[in-house]
Amino acid sequence: MSDRLAKGGCLCGAVTVEATVGDSVGACHCDICRKWSGGPMLALDGGVGVRVDGELNVVVYPTTEWAQRGFCSKCGTHLFIRVNQTGRYILPAGLFDIDEGLRFDHQIFIDKMPNYYSFANETRDLTGAEVFADFAAGAKT
Ligand SMILES: [Zn+2]
Ligand SMILES: [Zn+2]
């Protein structure tokens, strides 16, 4: 588990993002992520201290009552999911130029995964109900 300061940005360069991320990559198979991303979303946890530059070009869309999603208004690159209650950012892994030192180690909303793909990686898999249970438990502490 080594945290690193990661820099990333959108395709057109109008928005750059800086975040301290760990090495753990997760996939989300929920309906919203798959519609938003065209497939499962591979993401890093950026915590709350994420810096976004070029914010004039960021459109934030509230996808559910618990989170908003940001994307670049010029090129459409997906930039973040921001959890309303905690201000925590979840960032697409592909936003950052990191090839080394990441581990794909968990999958969430595994019960929403369609039949036409599956990952070979050994991961910890959580259903949507388990994710919300974890989230509720975490929110109380
Ligand atoms: Zn852009
Ligand atoms: Zn999702």
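This text follows the structure it describes.
Residues numbered from 1 in each chain as written. Chains lettered and ligands numbered in written order. Predicted model: local features only at pLDDT ≥ 70, side-chain atom pairs only at ≥ 80, totals over all residues. Heavy atoms only, no water.

Asks: Mind showing me how you'd approach the coordination of the zinc ion (ligand 2) here?
Replies: Octahedral metals with six donors have ideal donor angles of 90 or 180 degrees. Tetrahedral metals with four donors have an ideal donor angle of 109.5 degrees. The coordination sphere of the zinc ion (ligand 2), as far as protein atoms go, consists of C28 (SG), C30 (SG) and C33 (SG), spread over 2.1 to 2.3 Å. Read in sequence order, the donor residues for the zinc ion (ligand 2) give the motif C-x1-C-x2-C. Comparing C28 with C33 shows no difference in burial state: the two are buried. (Donors = N, O, S within 2.8 Å, 3.2 Å for Na, K, Ca; no water. Buried < 20%, exposed > 50% of the residue type's maximum accessible area, 1.4 Å probe, protein only.)

Asks: Got a minute to help me understand the side chain of S24 in this structure?
Replies: Along the polypeptide, S24 turns up in strand 3 (residues 24–28). Reaching out from S24, the side chain makes a polar contact with the side chain of D105 at a distance of 2.7 Å. Side chain to side chain, S24 and H106 meet in a polar contact 3.3 Å long. (Helix = DSSP H or I, 4+ residues; strand = E, 2+ residues; numbered from the N terminus. Polar contact = N/O pair within 3.5 Å; in protein donor to acceptor, adjacent residues only side chain to side chain.)

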